[in-house]
Amino acid sequence: MVVELENHEETSLPLIPYVGIQNMGNTCYLNSVLQVLFYCPEFVQRLRQTRLKIQEVCERDQTNFSDEKFNILKELDLLYTDMNSSRNKIVQKLSNNSQELPEPARSVRPTKFMEHFRNENPLFEAYTQQDAQECLHCILNACGNQSLPCSQPKNTEWHEKGQVQKMCGGRKLQSATVMKTSISQNPKDPSTSKHKKIILKRPPASKYASTSPSKSLELLSSSVVSAGCLKHLKRKRIVSSNEPNCDANKENVFGVSRESISTSEPPSKKPCTSQDLLPSSKNAGTKGLNIKGLKGIFAKKKYTLWINSSKKPTGQPLKAICKKTVESQAKAKYSKICTQPVKTNASSDKDNFIQDLFYGQALTTIKCFECETEVHRSEPFQDISLPVKASTTSDDLGPHDLTNDVPTEHEDLSGDLSWALSEYAAQDILDGENKYYCNACCRLTEGGQSVRFKQLPPVLTFHLKRFSTSLDTCNFKTTVSKITSCFKIPPKIDLKQWCVDSSGDETNYELFAIIIHSGSTITGGHYLSFIKDTQSGLLLYLWCIYIEFFVQYMFGLVESDETWLEMDDEDVKVLNNEAIQRALAGDFDNFFTRTPYLLFYHKTK
Amino acid sequence: MHPRRDLAASRKKIQVSYVIRDVVEKYNRSGVNALQVDPTNNRLYTGGRDSIIRVWNTESKNQQEADPYVASMEHHTDWVNDIVLCCNGRTLISASSDTTVKVWNAHRKFCMSTLRTHKDYVRSLAYARDKEHVASAGLDRQIFIWDVNTLTSLTTTHNTVTTSNVSGCKNSIYSVAMNDPGTVLAAGSTERVIRVWDPRTCEKRMKLKGHTDNVKALLITRDGTHLLSGSSDGTIKLWSLGQQRCLATLPIHREGVWTLTTVFDSPSSFGCVYSSGRDGRVMCSDFRHPDCNSYVVCEESAPVLRLQLDGKSTPERIYCATTNSSVHSWPVKPESDKVDVENMEGSEIQDRLFDDEKPYSEKPCYSIPGAACITQYKVLSDKRHILTQDTHNRVVLWDVLMAKAVEDLGCVDFDVEVKNREKILYVPNWFSVDLKLGLLSIHLEERECFSAWMTARDVPGFEESDPVTKINYGGLLLRALLEHWPETHVLRDEKSTESDDMDESSSQSSPSKSSLPRKPGPGGNPFFKVPRHTPVIFSESGGRTLFRLLCEDAAGKTEGVSLRETVPQWVVQTVVENRIPAPFVKLSFFLQPHPSSGIKATKNTNNKLLANDMLTIGKVMEHVHEKIICAGDDASQSSGNGGSGQGDKSDGEPSVSDSSDPHKDTTTSVENKVELFCGEQSLEPEWNLRTVKHLIWRSGNDMILQYRLKT
């Protein structure tokens, strides 16, 4: 087998306490994304919490509430548990410095995750090369939509039906494969529509064509989903209340249910068909239904016993879960760390951890050039698609560049993040066929559209638009080519100047991962990721003891308390300071076609 | 016969529009974009957003004295953005958002020619007085320079115009200016740069950078050495063209500066410059003074779109056009006042400037009244009437078919009136509305124009005709709009298609002007006419106007030729060939006994039925009564047998027909016997199937209607 051969070769390399992910046939796009998310501690932690919560719910009610739709989330968590245990094994081996211990696995094989991921997202079915950005969207959405059965997008602006329809009509409703079913406006059967997503795209003619900040931004069709989920939860509660042994889990579930009900929007006319739930389904429509309301409902329905005897330790189910999942000591430790916050944070948990971690709000302003009235619209975004300056053409500058008649200076040619952000936020003129309907003028007028950030997420993703389309005059078709020009990446950036309210929110960000596309065309190539590991100081230290001749070399890295890693499928390399500095400046040694594609920043305090 | 029809088809889709308006629209309906004064004849010209250029008599200063209105010049179909009076007031040039520039005989008030070189809204005009050259510029980034003397000498045979084209602007142009001798041309655009050319050679001269937003107003001194610019960034900048730099910046406006005007008393510098814009404050700045000190002339309640000075030798008053429809004239400080300003100390001037100082004039000395502008509308559920509210808060009910106002409800609550008129009725959309002119413009497009079929007896006012006649709103309206076109009086094809009931009833109501020995055709429609003065406009969908005429003018010879060239095929089919391209819409539904009715569902009761979507529930009740209840057991038996082989039956064979019922009075009696339900909702007999489907059933699936006997 190919993999074994590679493993064999690998043994000649020094053992380091990092785990690779094996390529299962053109899955480098997935591996790079998985590695980045693995080194995003908030994500891993929240993932674990959510999964435990779901698991509890599932265990309670095996008949009605199957965990099948949480497969991706579950498998991802298992994969990460696996990676952790592998890493711990390596550390163990390194620290013991003994030959007795068996050679630990240096990489994991995400077979099961891949299976479920492909089932859910037919786009990734074939063993073909895929876009890492698209893959990231799919994983995040899978986790986001599934994280809690009653979750809903935080942004309430899209909740009005009219708004949603408008979005579908006015903008292009992309029938990308991510979208399993098109949004249904039929309020008659909420139960059949489980995970309906809307993908919003900007009109293709706009500057942000196809890679807008809201690219493939998926939103739950809230009115439909919440109603369906509500039904699930209620059934669950009823069943569980009939089983006295489940007492232990009540409080926790109650926490979930309270959230679910208080956040559900007024559902469609017939939210629930189940007769038992009629009283609560009526009330579920009102937004602020509190715990008292729930008690009342259940009192009516003679579930008072269940409600009143609620004070019992919640630890029990967690232990049970741990028993199941924990196989090795290392694993147990990891679980413990991860599960601990569950007890304390469970009630304060927000609906959708993906929303919390990865989504921000962007404010789009359109100013009419005729009457100079401004209209504002805010939209959630997961990543920010930034332009990359093509190095060959200097006249393709943005509208705000007033010097575009004279050729720009040479040093200007390599764009950096600040330049790209300015370009992104700069006014985009809606003219010609693209005019905008101004309500004040009662007509189509020219307008200027600009974007600023209203709210920034803890994990900020930048997507570099490395495509340029050109019309092939011979074949009469457009060809998409890759822009390979150099793009400087600052390790730290302050986004204050692109924010709506410059005084408010924290705006400082620090780079922690880069996904790199290697290859000269857009259709093929290879993905790998550069990741900064800030947590593994100890591991690294142990490793340094083991391989003495590396101590000197590694010392610089230990000192800086951060280790940059190059994750290339199953291969993991530690990058030295100089290499990473060069990479950030756009110099990838001999790999000319290596270009940063996705940048991940953490919010810093 | 129609050489250009193929061409028309290959072009963009052509839509038909018309404006619902009075015979004479005496007063500006909406904002006024442009002003010009003819001092020798005491005339003021206004270019309005209602597409009309109006001429006013400025001699009658006292409003009570006489009506200032003199005449209207109508040919544009969209906002008039700018006008220029040239050749000593003989010729007027106008620029419009209908993408055309028009040349008018200002004295005889007719349109001499239409220049169609621009491809987007024409936003601004510039005038070189000495050479009688006019430059037009617009959102298509193009500037054309026209020789007015050539334009006015155009005839039908000699109609080629050679112009110079100034290129190089990268963004939409919002302002353009030339000096009187025509040696300097400047353009302001959303590029935020002022570009300067030599119009004689069309060569670029320079770019002036400094403004941070769109440049909407420009003035150039006679000798072309200095330039003044007003920008959306709220500043006015004075530039030296020789040094290519900004000499002064005046941040005297709170918002965008949209208009500048002055009287040049020296060839090389500016004197008193009047400016205004979005903040509605009219400022006067003295550029002879080193501090360019300013005072507030007056304050308008709406954003000021244009200023125009008037006075025989020195400016006495200033005309102020705003986004409101009225035009005010304000007194300005006489020359002598300027001396005071000069004597003031610098610091004092600064204090005065940023104080909330009182305007020089509190009241306009004279006003040209404006008419109400429609600001909101609601198409009622019958898709025939529109309720509107205007700037005077009047609520008016309009009839789209008749193209006129039906009822003036006065100053009432718009939303309440809309609510009062809500009906359980569904008619498909067949037209679209816009209010850009401040009047109702109705647009008909091929895609949806014919989608509203009605049964004549359901349409108020049409009851007298054969009750089962099917009428098509779009078709009838097109015929009414073009009824004076001789072409429509010639029956080319004696096709009797689905609209044959129309043929029967179509009398030769409209006098056939055609002397051709052909058989007279439909010519209009038997139900209604539109007012003869209604403007009918053919344009590319959402774009350029191709042809505008008044309804009655279609009889004219030249108009007939133009119509033949522009009327799109889908309209010709209807008005000339007498065919409505859209078939009736059939709806399929199930009829089942209501669970509470006690009638057992027999096999045939599950049969799918097919009917026109405008069939009334009363007719369905009749069907239930006759075919299911009265027919008794043997009928249901026989059809039940047939029901087993239902699949073989030709498309939805069991159908409810609308065929004229001789015993009409049964309908009323049937209502008392049969009840129909859709879901929980009991259905009224006057509703029709599509109404039930869209407003009650609300699903794409086949509708299920349930019946029961009334007890």
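Just so it is clear, the structure is predicted and the values come from calculations on it, not from any experiment.

Trainee: Give me the lowdown on the overall build of chain B, citing residues and values where you can.
Mentor: Helix and strand content of chain B: 14 helices and 44 strands. When each of the 711 residues of chain B is scored for burial, the buried share is 56%. Sequence separation of at least 24 residues holds for 56% of the intrachain contacts in chain B that already meet a minimum separation of 6. As displayed, chain B has an accessible area near 29,700 Å², and 48% of this comes from carbon and sulfur atoms.

Trainee: Kindly report on the confidence of the model for chain A, identifying the contributing residues and their values.
Mentor: Residue and element names in this part refer to chain A. Taken as a whole, chain A shows an average pLDDT of 63; of its residues, 50% reach a score of 70 or greater. Low pLDDT, under 50, characterises residues 149-350; the stretch is placed with 322 contacts to residues that sit more than four places away or in other chains. Taken as a whole, residues 393-413 scores under 50 in pLDDT and shows 24 contacts with residues more than four places along the chain or in a different chain.

Trainee: Requested: an account of the sheet that holds strand E24 (residues 281-286) of chain B, with residues and values cited.
Mentor: All names here are of chain B. One open sheet holds the 4 strands; their spatial order is E22-E23-E24-E25, and the pairing between them is antiparallel. The open sheet terminates on both sides in strands that have one partner only, identified here as strand E22 (257-262) and strand E25 (294-299). Adjacent strand axes in the sheet meet at a mean angle of 25°, parallel and antiparallel pairs treated alike. As paired elements, E24 and E25 share 5 bridges and run antiparallel to each other. Directly across from Arg281, in E25, lies its bridge partner Glu299.

Trainee: Lay out the interface of chain A and chain B in plain terms, naming residues and giving numbers.
Mentor: Taken together, the 23 residues of chain A in the interface contact 33 residues of chain B. Between chain A and chain B the total buried area reaches about 2,300 Å² when both faces are included, carbon and sulfur atoms providing 36% of it. Where chain A meets chain B, there are 6 salt bridges. With a shortest N-O distance of 3.1 Å, B:Lys216 and A:Glu372 are connected by a salt bridge. Between chain A and chain B we count 17 residue pairs in polar contact (both at pLDDT 80 or more) in total. Here the side of chain A that touches chain B is composed, by residue class, of 7 nonpolar, 5 polar and 11 charged.

Trainee: Break down the sheet that holds strand E13 (residues 164-166) of chain B for me, citing the residues and quoting the values.
Mentor: Residues and elements named next belong to chain B. Read across the sheet, 4 strands follow the order E10-E11-E12-E13 without closing on themselves; strand pairing throughout is antiparallel. Looking at the sheet topology across the chains shown, the edges are occupied by strand E10 (122-128) and E13. Taken over all neighbouring pairs, the strand axes of this sheet differ in orientation by 25° on average, direction set aside. In this sheet, strand E12 (residues 143-147) lies alongside strand E11 (residues 133-138) in antiparallel orientation, the contact comprising 5 bridges. Within E12, the position partnered with Ser136 by the bridge is Phe144.

Trainee: Mind laying out the environment of B:Lys419, listing which residues take part and the relevant values?
Mentor: Residues and elements named next belong to chain B. Position of Lys419 relative to the elements: it lies in helix H5 (residues 414-420). The class for Lys419 is exposed, based on a relative accessible area of 60%. A sequence separation of 107 residues divides Lys419 from Lys312, and the C-alpha atoms of the two residues are 56 Å apart.

Trainee: Help me get a handle on the domain arrangement of chain B, residues and values and all.
Mentor: All names here are of chain B. When cut into domains, chain B gives domain 1 (374-491 + 524-576) and domain 2 (586-630 + 665-709). Spacing between the C-alpha centres of domain 1 and domain 2 amounts to 33 Å. Listed per partner, the contact involves 11 residues of domain 1 and 10 residues of domain 2. Taken together, both faces of the contact between domain 1 and domain 2 bury some 960 Å²; the carbon and sulfur share is 62%. Between the two partners, domain 1 and domain 2, sit 0 salt bridges. There are 3 residue pairs in polar contact (both at pLDDT 80 or more) connecting domain 1 and domain 2. At 3 residues, strand E36 (residues 453-455) tops the list of elements feeding residues into the side of domain 1 that touches domain 2. Considered class by class, the residues forming the side of domain 1 that touches domain 2 number 7 nonpolar, 1 polar and 3 charged.

Trainee: Kindly report on the confidence of the model for chain B, identifying the contributing residues and their values.
Mentor: Residue and element names in this part refer to chain B. Looking at chain B, pLDDT values average 82 and 82% of them are 70 or higher. In this model residues 1-10 is a low-confidence stretch, pLDDT under 50, and it forms 13 contacts with partners more than four residues away in sequence or in other chains. Here residues 660-664 scores under 50 on pLDDT; set against residues more than four positions off or in separate chains, the count is 4 contacts.

Trainee: Mind laying out the environment of B:Ser682, listing which residues take part and the relevant values?
Mentor: All names here are of chain B. Position of Ser682 relative to the elements: it lies in strand E43 (residues 681-682). You can call Ser682 partly exposed: its relative accessible area is 28%. Along the backbone, Ser682 and Gln706 are 24 residues apart, and their C-alpha atoms lie at a distance of 9.4 Å. If we ignore the near neighbours within four places in the chain, the residues touching Ser682 are Glu675, Leu676, Phe677 and Trp687.

Trainee: Give a description of the packing of aromatic side chains that names residues and reports values.
Mentor: The full count for this structure, using the stated rule, is 23 aromatic pairs over all chains. A centroid spacing of 5.5 Å and a plane angle of 45° characterise the contact between A:Phe381 and A:Phe453, whose relative ring orientation is tilted. Here A:Phe381 is found in strand E7 (residues 374-381), whereas its partner A:Phe453 is found in strand E12 (residues 447-455), with 72 residues between them in sequence. On the basis of relative accessible area, A:Phe453 is assigned to the buried category, the value being 2%. Here a set of aromatic residues connected by ring pairs shows up, and it is made of A:Tyr18, A:Phe38, A:Tyr39, A:Phe43, A:Tyr80, A:Phe353 and A:Phe358. Taking NZ or CZ as reference, A:Arg443 lies 4.6 Å from the ring centre of B:Trp79, over its face. A cation over an aromatic ring shows up here: B:Arg49 above the ring of B:Trp79, its NZ or CZ 3.9 Å from the ring centre.

Trainee: An account of unusual backbone geometry is requested, with residue identities and associated values reported.
Mentor: Residue and element names in this part refer to chain B. Phi at Lys109 is positive, roughly 60°, even though this residue is not glycine. Along the polypeptide, Lys109 turns up in the loop between strand E8 (101-105) and strand E9 (110-115). Of note in this structure, Asn393 is not a glycine but carries a positive phi near 65°.

Trainee: Give me the pattern of salt bridges: which residues, what numbers.
Mentor: Inspection of the entire model under this criterion finds 43 salt bridges over all chains. Notably, a salt bridge pairs A:Lys435 with B:Asp120, separated by 2.8 Å at the nearest N-O pair. Placement of A:Lys435 in the loop between strand E9 (428-430) and strand E10 (436-438) and of B:Asp120 in the loop between E9 and E10 is noted, with the two residues assigned to different chains. According to the relative accessible area criterion, A:Lys435 is buried, its value standing at 15%.

Conventions and cut-offs
Residues numbered from 1 in each chain as written. Chains lettered and ligands numbered in written order. Predicted model: local features only at pLDDT ≥ 70, side-chain atom pairs only at ≥ 80, totals over all residues. Heavy atoms only, no water. Helix = DSSP H or I, 4+ residues; strand = E, 2+ residues; numbered from the N terminus. Buried < 20%, exposed > 50% of the residue type's maximum accessible area, 1.4 Å probe, protein only. Contact = heavy atoms within 4.5 Å. Areas by Shrake-Rupley, 256 points an atom, 1.4 Å probe, with all protein chains shown as cover. pLDDT = per-residue confidence, 0-100. Pairing = 2+ DSSP bridges. Axes fitted to C-alpha atoms, helices over the stretch in contact; angles between N-to-C directions. Buried area = accessible area lost by both parts, 1.4 Å probe. Salt bridge = Lys/Arg side-chain N within 4 Å of Asp/Glu carboxyl O. Polar contact = N/O pair within 3.5 Å; in protein donor to acceptor, adjacent residues only side chain to side chain. Nonpolar A, V, L, I, M, F, W, Y, C, P; charged D, E, K, R; others polar. Domains from an automatic or database assignment. Phe/Tyr/Trp six-rings, centres within 6.5 Å; stacked < 30°, edge-to-face > 60°. Lys NZ or Arg CZ within 6 Å of the ring centre and 35° of its normal.

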